[in-house]
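What follows is each chain in one-letter form.
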Amino acid sequence: MSSETNPPEIFDRQRRRALRERASRRQGDQFLWHHIAQDLGERLSFVTRVFEHALIIGPIANWQKDILPADMRCTHMPLISVGGAEDTQSGFEEGRLPFPPASFDLVISAGTLDSVNDLPGALIQIRRILKPDGLFLGHMFGAGTLATLKSMFLESDADQVRPHMHPQIDLRSAADLIVRAGFALPVADQDVTEVRYSDWRGIVSDIRDAGIGNALAGPRAYLGKNAINRLDRIFAARADAHGKVPEYFTHLFLSGWAPSENQPRPAKRGSAQVSLADILSKNPED
């Protein structure tokens, strides 16, 4: 029986870890991680602040060279079980960060936040371990990701609908979360990657390469011996003249700063010296 203090967990922690550990052993393209790393690196390049010690959470740490300057001190928390590599924290999760307050001036977490059981709590912990005026850069897969595959499974399941992929949040909800977590100067935006596939199995393979499969808690339902044939037919019916079907990956990017006394703040409400209504009512010829 659950309670308000111990709510049921939506995501299976062991399953999350198993998905990432399987992905680490695969030899796929992992183009999704390349895209995320390049985008994060570009965003960081526009920040004039010089950072001294960064924490990278999740598999995106493998693309550190695409994100951070080569001489920056960096701690990795890969979210998988690894050997005793230097400056690597293993066996922990976003909601259980093993660092004291104000440990880092830059924290990057990408590609995993959409399957955290307590996302508001995880964001608050990230803010806590940032030094004042430290920066958080985050990414998660948002609503609309894998829309094609989800709809194919929905059609294939017919009247026996089962969850094959966990749901993701939309941009507005992500923006609300970064504000609720207490970050200053919060920003949330998104982009969508479209990939065209000649077989639905290619979509599944890329999901496994990225380690972003279904991490929902609970038993897995048997698809049935005819599921593969049904999916083949559904895919063929959706294919264009070139035999391709588009799939989509929605990327939500979040950023915010740990509060600090020297940060710019919006003016107080009602402190303006000129009325916007007066400006808009003026005749342009005056």
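Report on the accompanying structure. (Residues numbered from 1 in each chain as written. Predicted model: local features only at pLDDT ≥ 70, side-chain atom pairs only at ≥ 80, totals over all residues. Heavy atoms only, no water.)

Inspection of the secondary structure assignment puts N262 in the loop between β6 (245–257) and α9 (276–281). Note on N262: relative accessible area 62%, which makes it exposed. In this structure the C-alpha to C-alpha distance between N262 and P132, which are 130 residues apart in sequence, comes to 9.4 Å. (Helix = DSSP H or I, 4+ residues; strand = E, 2+ residues; numbered from the N terminus. Buried < 20%, exposed > 50% of the residue type's maximum accessible area, 1.4 Å probe, protein only.)

So, about empty space enclosed by the protein. Scanning the model with the defined rule gives two cavities of 30 Å³ or more in all. In this structure, the largest cavity spans a volume of roughly 100 Å³. Lining the largest cavity are 15 residues, and of these R20, G111, S115, G211 and I212 sit closest to its centre. Of the residues belonging to the lining of the largest cavity, the class tally is six nonpolar, six polar and three charged. For the second largest cavity, the calculated volume is near 30 Å³. If you go around the second largest cavity, the residues you meet are D114, F141, T145, L146, M165, H166, Q168 and I212. Split by residue class, the lining of the second largest cavity holds four nonpolar, three polar and one charged. (1 Å grid on protein atoms, 1.4 Å probe; cavity = no way out; pocket = protein on both sides within 12 Å on 5 of 7 lines; lining within 4 Å. Points joined across faces, edges and corners; volume = space filled by probe spheres on them. Nonpolar A, V, L, I, M, F, W, Y, C, P; charged D, E, K, R; others polar.)

Within strand β3 (residues 104–110), seven of the seven residues are buried, which leaves it mostly tucked inside the rest of the structure. Judged from the four bridges that link them, strand β1 (residues 53–57) and β3 form a sheet pairing that is parallel. Residue pairing in the sheet places A54 in a bridge with L106 of β3. Bridge count between β3 and strand β4 (residues 130–141): six bridges; the pairing is parallel. Bridging across to β4, S109 finds its partner in G138. (Pairing = 2+ DSSP bridges.)

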